[in-house]
Amino acid sequence: MEKNEEESLLKNENNGTDNDPKVNYRGWKVMPFIIGNEIFEKLGAIGTLSNLLVYLTTVFNLGNITATNIINIFNGSTNFATLLGAFSSDAYFGRYKTLAFCTLASFLGLLVIQLTAAIEKLHPPHCEENAICQGPTEKQMTFLKIGLGLLMVGAAGIRPCNLAFGADQFNPNTDSGKKGINSFFNWYFFTFTIAQLVSLTIIVYIQSNVSWSAGLGIPAALMLLSSVIFFMGSKMYVKVKPSGSPVTSIVQVIVVATKKRRLKLSEYLYPSLFNYLAPKSTNSKLPYTYQFRFLDKAAIMTPQDQINPNGSATDPWNLCSMQQVEEVKCLLRVLPIWVSAILYHVVIVQQHTILVFQALLSDRRIGRSKFMIPGASYYVFLMISMTLWLPIYDRKVVPFLQRLTRKEGGITLLQRMGIGIFFSILSMLVSAVVEEHRRTLALTKPLTLGMETRKGAISSMSGLWLIPQLALAGLAEAFMSVAQVEFYYKQFPENMRSIAGSLYYCGHAGSSYLSSMLISVIHQTTARSETGSWLPEDLNKGRLDNFYRIIAALEIMNLGYFVLCAKWYRYKGTDNSTIELDKVTKQSERTANGV
């Protein structure tokens, strides 16, 4: 494969193509460094963050609601920070420097959090049963926040850049390079899944049953190893230089369209609109689309607009090309779908957070053995469901659907996302039924395992009853999240793919904030009722099942909203674009002829 890629590169060079002969794409030769870095970076980060909720409630003695909100706000802020990381990478530093700096920041963040467990003065004293628990001091919380802040800086650069940096190592103009990029995406999700499985089992078990100091030290050590592996391949990487952020072009279109808002498009023939594409542009030529026509005004050429000898606009803040306008349209078309993804991920957030408290108040033993599954490890069943389904879907379901529909992939990306939302509804409905059963058994048939400190009596319901809701959530993720990443990657212009990566994480951020808001509002509202809060410290005294039903109702409305957005959406570069172009051209000609 590598030999074919090099031969293609030399051939292109000899033919005088636009390929830069100085770029040496090493492809799979550098993948051990990049994928090795990916594996250990995710083992380190996930190994700490997956059990952080339990750490905050058992070591830092924080309440359930407080700890959950801290996790949601941290996750939300971290994911929103990816926008800043993507912008900095594209405009100033490039992906290599951004990843190098942020990898070291992540290591320091994990080290700081490990010190909060290893040094007694950096966390409050252990909370004994039936004793008044002492919360963390201001200094202890400050030190913890420093660690979380460093992790936030690390994630801001790593999340939007690592996938694109790996793809940079392959020549996109050769068949072998294109295949290498597709294979790298598969390896990326594979390593992510493996890291989740190892973190949620081995590392979480060490943290919960052996030692928090050792359990948090292992992720820090793995992150250090990740940094070393990354820098070992430095001399072999393709390091794409920053070419300026596409955000500037987006702002220019909005500003110019606003300036020319009083002009009437009907007075201008479509062919007279400014249509220019830079010779060395990384973006493919986009056809005209009829949606968001008000933005077309940015490409209206007035007598005041001047053109450079190379065909570009003299002042890009007074005249934009139709290519720029279409790129902004791509972004605007995606945003309604993105909003639906925010609502969808609220379901997955609950399986990360609230479900842990459910598990702690269930019988976590396997059979008659004394081994107990750690509360945070139950999320692994979601990953197993997703991991088992993806190859079955790829090898069996897709070929079958392709024969029926004669479409690439069998069904469209938006159809896959809609199926994911449907499974998320089922997951929440099953969650409500299981929680009602768990609570009933806890109140009527409490288990001899006793009480969970500050959380109530342990139910006699087996924790394995939590698997169905997690399996359904795993199916939802297999359809929704995988399709969502591919959707953003394919529907955005090539120079906006860092933004596309950060937009995916910003969706997670929005869902974390929304989940935190829902928890706070429902907790405060129901606390004033006669029956008490639905989400108290002791879930046996609450109604978590009703909370799940509210989220299910929210997802039903979200599915209806998504179906409307999917019907309205136009895929980038489809045949519909040609039809729309003919439509607007004929309309302009009729207007010009006075028809």
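It should be emphasised that the depicted structure is a prediction, and the values quoted were computed from it without experimental measurement.

Engineer: In this structure, what is going on with the overall build of the protein? I would like to understand it.
Structural biologist: Within the protein, the regular secondary structure consists of 16 helices and 2 strands. Counting only residues that meet the buried cut, the protein has 53% of its 595 residues in that class. Expressed as a percentage of contacts within the protein between residues at least 6 apart in sequence, the contacts between residues at least 24 apart total 81%.

Engineer: What am I meant to see in the environment of Glu537 here?
Structural biologist: In this structure, Glu537 sits in the loop between α14 (497–527) and α15 (544–568). A relative accessible area of 29% places Glu537 in the partly exposed class. Along the chain, Glu537 and Ile65 lie 472 residues apart, while their C-alpha atoms are 7.7 Å from each other. Side-chain polar atoms of Glu537 contact the backbone nitrogen of Asn64, separated by 3.0 Å.

Engineer: Looking at this model, I keep getting lost on the nonpolar core. Mind explaining?
Structural biologist: Most often, soluble globular proteins have nonpolar side chains that are buried together. Membership of the largest hydrophobic core comes to 140 residues, with the highest contact counts inside it found for Phe487, Tyr488, Phe492 and Phe547. Excluding residues that lie within four positions of it along the chain, Tyr488 makes contacts with Val334, Trp338, Ala341, Ala500, Leu503 and Tyr504. If you look at the next biggest cluster of nonpolar residues, it comprises 5 residues, including Leu43, Ile46, Ile203 and Leu222.

Engineer: Looking at this model, I keep getting lost on the packing of helix α9 (residues 322–352) against α15. Mind explaining?
Structural biologist: Helix-helix packing is characterised by the crossing angle of the two axes and by the distance between the axes. Running from N to C, α9 and α15 cross one another at 160°; their axes reach a closest spacing of 10 Å. As summarised for this structure, α9 and α15 are arranged roughly antiparallel, according to the angle between their axes. Considering only the axes of α9 and α15, their crossing is left-handed. Facing α9, whose interface residues are Arg333, Pro336, Ile337, Val339, Ser340, Leu343, Tyr344, Val346, Val347 and Gln350, α15 presents Phe547, Tyr548, Ile551, Leu554, Glu555, Asn558, Tyr561, Phe562, Cys565, Ala566 and Trp568. Of the residues belonging to the contact of α9 with α15, the class tally is 16 nonpolar, 3 polar and 2 charged.

Engineer: Can you help me understand the packing of helix α4 (residues 64–118) against helix α5 (residues 138–168) in this one?
Structural biologist: Between α4 and α5, the least distance of the axes is 7 Å, while the angle of their chain directions is 140°. The pairing of α4 with α5 is recorded here as oblique in orientation. Residues belonging to the contact of α4 with α5 are distributed by class as follows: 29 nonpolar, 15 polar and 3 charged.

Engineer: What is the right way to read α5 from this model?
Structural biologist: Since the α-helix packs 3.6 residues into each turn, any two residues three or four apart lie on the same face. Taking 1.5 Å of rise per residue, 31 residues should cover 45 Å, and α5 covers 45 Å from first to last C-alpha, within 8% of that figure. Maximum bend of α5: about 45°, positioned at Cys161.

Engineer: In this structure, what is going on with a nonpolar patch on the surface? I would like to understand it.
Structural biologist: On the surface, Ile73, Phe80, Leu83 and Tyr513 cluster together into a nonpolar patch covering about 330 Å² of accessible area. Counting residues per element, the nonpolar patch draws most heavily on α4, which supplies 3 residues. Note on placement: Ile73 falls in helix α4.

Engineer: Looking at this structure, I do not really get the side chain of Gln169. What am I missing?
Structural biologist: Relative to the helices and strands, Gln169 is located in the loop between α5 and α6 (175–210). The class of Gln169 is buried, set by a relative accessible area of 0%. Sequence-distant contacts of Gln169, that is, excluding residues within four places in its chain, are made with Tyr25, Arg26, Gly27, Val30, Met31, Ile34, Met236, Tyr237 and Val238.

Engineer: Any chance you could explain the confidence of the model for the protein here in plain terms?
Structural biologist: Any region with low pLDDT has predicted coordinates that should not be read closely. Of all residues in the protein, 88% have pLDDT values of 70 or greater, and the mean over the chain is 83. By mean pLDDT, helix α1 (residues 2–14) is the weakest element of the protein at 43, and α15 is the strongest at 95. Scored below 50 in pLDDT, residues 1–21 makes 28 contacts in the model with residues more than four places away or belonging to other chains.

Engineer: Mind showing me how you'd approach the state of the cysteines here?
Structural biologist: By definition, a disulfide links the sulfur atoms of two cysteines through a covalent bond. Counted according to the given criterion, the structure contains 0 disulfides. No disulfide involves Cys102; its nearest neighbouring cysteine sulfur is the one of Cys161, lying 7.3 Å away.

Engineer: Before we go on, may I ask you to explain the pattern of salt bridges in this structure?
Structural biologist: It is possible for side chains of opposite charge to pair when their charged atoms get near one another. Following the criterion strictly, the structure yields 12 salt bridges and no others. Between Arg543 and Asp545 there is a salt bridge, with its nearest N and O atoms 2.8 Å apart. Using a relative accessible area of 28% as the deciding quantity, one classes Arg543 as partly exposed. Among the residues examined, Asp545 registers a relative accessible area of 0% and is labelled buried. Overlapping salt bridges, with partners in common, bring together Arg293, Asp296, Glu326 and Lys329 in one network.

Definitions and limits used
Residues numbered from 1 in each chain as written. Predicted model: local features only at pLDDT ≥ 70, side-chain atom pairs only at ≥ 80, totals over all residues. Heavy atoms only, no water. Helix = DSSP H or I, 4+ residues; strand = E, 2+ residues; numbered from the N terminus. Buried < 20%, exposed > 50% of the residue type's maximum accessible area, 1.4 Å probe, protein only. Contact = heavy atoms within 4.5 Å. Polar contact = N/O pair within 3.5 Å; in protein donor to acceptor, adjacent residues only side chain to side chain. Core = buried A, V, L, I, M, F, W, Y, C linked by side-chain atoms within 4.5 Å. Axes fitted to C-alpha atoms, helices over the stretch in contact; angles between N-to-C directions. Parallel < 35°, antiparallel > 145°, perpendicular 65-115°, else oblique. Left-handed = near helix turned anticlockwise from the far one by under 90°. Nonpolar A, V, L, I, M, F, W, Y, C, P; charged D, E, K, R; others polar. Expected span 1.5 Å × (residues − 1). Bend = angle between axes of the 7 residues up to and from the residue. Patch = residues over 30% accessible without salt bridge, like charges linked within 9 Å, V, L, I, M, F, W, Y side chains within 5 Å. Areas by Shrake-Rupley, 256 points an atom, 1.4 Å probe, with all protein chains shown as cover. Salt bridge = Lys/Arg side-chain N within 4 Å of Asp/Glu carboxyl O. pLDDT = per-residue confidence, 0-100. Disulfide = S-S within 2.5 Å.

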